[in-house]
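# Summary of the model geometry
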Amino acid sequence: MFDAKTTCVVVVGAQWGDEGKGKLVDVLAERAELVVRYQGGANAGHTVVIGDSQFILRQIPSGILHPNVTCIVGNGVVLDPETLFGELDQLAARGVDTAGRFFISDRAHLVLPYHKLLDAASEKSQKLGTTGRGIGPAYEDKYGRRGMRLTDLRRVECARAMLADRVGRANRLLEMMGSSERASLDQHVALLERLAPRLLPLTADTGVLVHRAVRSGRRVLLEGAQGALLDVDHGTYPFVTSSNTTAGGAAVGAGIGPTAIDGVLGVVKAYTTRVGNGPLPTEAEPPFGERLRELGGEFGAVTGRPRRCGWFDATVVRYAARVNGLTGLAVTKLDVLDSFAEVPICSAYRLDGESCAEMPAEVEALGRVQPIYEVHAGWQEPTGKARRLADLPAAARAYLDRLQTLIDVPVRYVSVGTRRDQIIEV
Ligand code: IMP
């Protein structure tokens, strides 16, 4: 993706999340100097496999596994400090030194224990299938202009007063929601007193760091979490997360202008998965759904929930290509399809007897669409050793060509396994 003119690249999920962005960022980060996470929080679980080691990163950009890369958690992220230190300690225990190359925006908002209580309480009625990480309530506080930002920790007295107000409000809400849970102010104060001395030295005006890197032509990767169909504006609302997962959110959440971005890589699985509730038009009938889940190891990296699995949906990815302005596609987990005799692709929908080329805004309508499938012959050969397109069986190449034609975005990468080296650069 990087060349003389393309130095600032966004990597986004172009389905419902879990597309394998962590692996792509890890591979691309080898050529980058700065990697920035720009939205979401500990709801993400980016899995990277290096040799026999598996790393699950929730908030720290996947680029951290490259020793010369500086990583940033941008202002658009809602940061769960306890989870963050768990991640940092896990990296340290496995010999990954992050000192001097990991920074968090002082404008990033904090996710506090009371946000998780509110998330759990609202799930009882809303039933969105959230990750329970307090993401929605933290963004509600942010947009309600009562969030706590990292910079607030610099003024201890002010932070205590803010906490007293926020915890009191959360407890009133919990009562109104019929929950018997209550947040403890003492626990919140103790948590921030314990974590602030470790957090503040990592805190910086990261927008300036990213801006300077872009201005001086250094290679910058902006790492998205979740996927386009979980974007709060463009996703299957209300079954979405609470941030802008799409490329537009990258500029805002990293603290730079949109003109700084040169390219947008959309990551898609060779099939489709979704975790949580909401419509999934190409969800596969038994036994195919189960087989995809088993072969692809499709269980949530954060919650362990089984992912719902189905065939590739070109209507979804065409839509994601449009709302993200994708300039390239990375197709992951092609190897998961290796044993199927036939591989369907949904090329369009029918809605109430009419053909429907665009994503309907209403989830109820999306729940009713009938996918129109093209059935492609499977290749029934292992692809995990392929390192060039020419190494792939002809039917697998034909499948990729068809995806590229339907989406109208060039395929730049194909991943054929979990390991770092199992990738084809086109
Ligand atoms: P929340 O982000 O925890 O509020 O959850 C809202 C919706 O987004 C739920 O359907 C979650 O399952 C989904 N979601 C959030 N993060 C991820 C992710 O990283 N991968 C896949 N789905 C996610």
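Residues numbered from 1 in each chain as written. Predicted model: local features only at pLDDT ≥ 70, side-chain atom pairs only at ≥ 80, totals over all residues. Heavy atoms only, no water.

### Section: the sheet that holds strand β2 (residues 34-37)
- Spatial ordering of the open sheet is given by β9-β7-β5-β2-β10-β1-β11-β15-β19-β20, a layout of 10 strands whose pairing is mixed. The sheet is open, and its two borders are formed by β9 (203-204) and β20 (423-425), each paired with just one other strand.
- The sheet strands contacting helix α1 (residues 21-29) are β1 (8-13), β2, β10 (220-223), β11 (263-269), β15 (328-332), β19 (411-415) and β20, and the helix crosses β1 at an angle near 160 degrees. (Pairing = 2+ DSSP bridges. Helix = DSSP H or I, 4+ residues; strand = E, 2+ residues; numbered from the N terminus. Contact = heavy atoms within 4.5 Å. Axes fitted to C-alpha atoms, helices over the stretch in contact; angles between N-to-C directions.)

### Let's talk about the layout of surface pockets
- Its volume calculated, the second largest pocket comes out at about 240 Å³.
- Forming the boundary of the second largest pocket are 15 residues, of which A284, E285, F288, W311 and P344 lie nearest the centre.
- Here the lining of the second largest pocket is built from residues that sort into nine nonpolar, two polar and four charged. (1 Å grid on protein atoms, 1.4 Å probe; cavity = no way out; pocket = protein on both sides within 12 Å on 5 of 7 lines; lining within 4 Å. Points joined across faces, edges and corners; volume = space filled by probe spheres on them. Nonpolar A, V, L, I, M, F, W, Y, C, P; charged D, E, K, R; others polar.)

### Considerations on the pairing of β11
- Most of β11 is tucked away: seven of the seven residues are buried.
- Here β11 shows a buried face lined by G263, L265, V267 and K269 and a second buried face lined by V264, G266 and V268.
- Both β11 and β15 contribute to a ladder of five bridges, which runs parallel. Note that in β15 the partner of V267 across the bridge is A330. (Buried < 20%, exposed > 50% of the residue type's maximum accessible area, 1.4 Å probe, protein only.)

### What about the site of the ligand?
- The environment of the ligand is made up of 15 residues, and the closest members are D18, N43, T131, T241 and R305.
- Between the ligand and the protein, one listed contact pairs an oxygen atom with a side-chain N or O atom of N43 at 2.9 Å.
- Taking R305, its side chain carries an N or O atom lying 3.0 Å from an oxygen atom of the ligand.
- Look at the ligand: alone it shows 470 Å² of surface, and the protein chains cover 96% of it. (Near = heavy atom within 4 Å. Polar contact = N/O pair within 3.5 Å; in protein donor to acceptor, adjacent residues only side chain to side chain. Areas by Shrake-Rupley, 256 points an atom, 1.4 Å probe, with all protein chains shown as cover.)

### Topic: the side chain of R37
- Take R37: it is sitting in strand β2.
- We note that R37 is buried and unpaired, the nearest opposite charge coming from E223 at a distance of 5.6 Å.
- One polar contact links the side chain of R37 to the main-chain carbonyl oxygen of Q39, over a distance of 3.0 Å.
- A polar contact of 2.6 Å, which involves the side chain of R37, links it to the backbone oxygen of R58.
- Excluding residues that lie within four positions of it along the chain, R37 makes contacts with N43, A44, R58, Q59, P61, I72, V73, G74, V77, E223 and A225. (Lys, Arg positive; Asp, Glu negative; His and termini not counted. Salt bridge = Lys/Arg side-chain N within 4 Å of Asp/Glu carboxyl O.)

### Let's talk about the pattern of salt bridges
- Counted according to the given criterion, the structure contains 26 salt bridges.
- Note that D165 and R166 form a salt bridge whose closest N and O atoms lie 2.7 Å from each other.
- Here the salt bridges do not stand alone but share partners, grouping D18, K269, E298, R307 and K333 into one network.

### A look at empty space enclosed by the protein
- All told, the structure shown has one cavity of 30 Å³ or more when counted by the stated rule.
- Here the largest cavity is characterised by a volume of approximately 40 Å³.
- Around the largest cavity, the lining residues are Y114, L118, D141, R146, R166, R169, A170 and L173.
- Secondary-structure elements contributing two or more residues to the lining of the largest cavity are α3 (113-126) and α5 (156-176).
- Element by element, the count of residues in the lining of the largest cavity is highest for α5, at four residues.
- Here the residues of the lining of the largest cavity are counted per class, giving four nonpolar, no polar and four charged.

### Here's the deal with the environment of E140
- If you trace the backbone, E140 turns up in helix α4 (residues 135-143).
- Its relative accessible area of 52% is what places E140 among the exposed residues.
- In this structure the C-alpha to C-alpha distance between E140 and H115, which are 25 residues apart in sequence, comes to 9.6 Å.

### Comments concerning unusual backbone geometry
- Cis geometry marks the peptide bond from Y237 to P238; its omega dihedral reads 5 degrees.
- Note that P238 resides in the loop between β10 and α8 (247-254).
- Between P286 and P287 the backbone carries a cis peptide bond, its omega angle lying at 0 degrees.
- Locating P287 in the fold gives a position in the loop between β12 (272-274) and α9 (288-296).

### Considering the packing of aromatic side chains
- Following the criterion strictly, the structure yields five aromatic pairs and no others.
- For the ring pair Y139 and Y143, a centre distance of 6.4 Å and an interplane angle of 20 degrees mean the geometry is stacked. Placement of the pair is Y139 and Y143 together in helix α4, with a separation of four residues, close to one helical turn.
- Judged by its relative accessible area of 3%, Y139 falls in the buried class.
- According to the relative accessible area criterion, Y143 is exposed, its value standing at 56%. (Phe/Tyr/Trp six-rings, centres within 6.5 Å; stacked < 30°, edge-to-face > 60°.)

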